[in-house]
Amino acid sequence: MKSIVKNKRGYYEYTILEKYVAGIKLQGSEVKSIRSGKVSIIESYCFIANDEIFIKGMHITEHKEGGKHNNHIPTRDRKLLMKKKEIIKLRENISQKGLTIVPLEVILTNTGFIKLEIGLAKGKNLHDKRETIKEKDLKRDLERNL
């Protein structure tokens, strides 16, 4: 599996409790743009409506060779494809205070499918964010010394 885009801000701002992989319902021009790396998930989030899960705010740049008629809307809501049991479990977890669903990574599988890794997350406090920065600095220093 090849990573196309990672949401570094999601790992910084949230503590990831569980990870899930979901398919995305896309149009043809969206697939072409994602494969060329023209996608952003930094400001996006996931929500559940009518036992279906969607991603809102995922920006996929219009494909330059698609023309005006065949192109897509860059920030439309996109349906995620997951098993119903997983969606129900996520909905129950979200009902708890302070938990949310955050998109973490857009992945291209070996078979050519585009998947989205999402995580059940809890927001970090300021001191938790500082702790994360300290751990990264220590890890970087150890790698340099070795």
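Values in this document were obtained by computation on a predicted structure and should not be read as measured data. (Residues numbered from 1 in each chain as written. Predicted model: local features only at pLDDT ≥ 70, side-chain atom pairs only at ≥ 80, totals over all residues. Heavy atoms only, no water.)

A.B. asks: For this particular structure, what's the right way to read a positive patch on the surface?
C.D. replies: Residues K6, K8, K19 and K136 make up a contiguous surface patch of positive charge. Tracing the chain through its elements places K136 in helix α4 (residues 126-145). (Patch = residues over 30% accessible without salt bridge, like charges linked within 9 Å, V, L, I, M, F, W, Y side chains within 5 Å. Areas by Shrake-Rupley, 256 points an atom, 1.4 Å probe, with all protein chains shown as cover. Salt bridge = Lys/Arg side-chain N within 4 Å of Asp/Glu carboxyl O. Lys, Arg positive; Asp, Glu negative; His and termini not counted. Charge placed at Lys NZ, Arg CZ, Asp CG, Glu CD. Helix = DSSP H or I, 4+ residues; strand = E, 2+ residues; numbered from the N terminus.)

A.B. asks: Explanation requested: the side chain of K124 in the structure shown.
C.D. replies: With respect to the element layout, K124 can be found in the loop between β9 (114-123) and α4. A distance of 3.4 Å separates the side chain of K124 from the backbone oxygen of Y11, its partner in a polar contact. Among the polar contacts made by the side chain of K124, one reaches the side chain of T132 at a distance of 2.8 Å. Each residue touching K124, except ones within four places of it in the same chain, is listed here: Y11, Y12, E13, Y14, T15, K129 and T132. (Polar contact = N/O pair within 3.5 Å; in protein donor to acceptor, adjacent residues only side chain to side chain. Contact = heavy atoms within 4.5 Å.)

A.B. asks: Just to check I follow, could you spell out the environment of K122 for this structure?
C.D. replies: Topologically, K122 is positioned in strand β9. Owing to a relative accessible area of 45%, K122 belongs among the partly exposed residues under this scheme. Separated by 25 residues in sequence, K122 and K97 place their C-alpha atoms 9.1 Å apart. Among residues more than four places away in sequence, those in contact with K122 are Y14, T15, L17, G98 and L99. (Buried < 20%, exposed > 50% of the residue type's maximum accessible area, 1.4 Å probe, protein only.)

A.B. asks: Explanation requested: helix α3 (residues 84-94) in the structure shown.
C.D. replies: For an α-helix the count is 3.6 residues per turn, leaving residues at separations of three or four pointing the same way. Of the positions making up α3, those classed as buried are I87, L90 and N93. Angularly, the buried residues of α3 cover 125° about the axis, an arc narrow enough to put them on a single face. Within α3, the exposed residues directed more than 90 degrees away from the buried face are K84, K85 and E92. Where α3 is buried, its residues meet β2 (14-24), β4 (45-49), β5 (52-56), β8 (99-108) and β9. (Arc of directions from axis to C-beta.)

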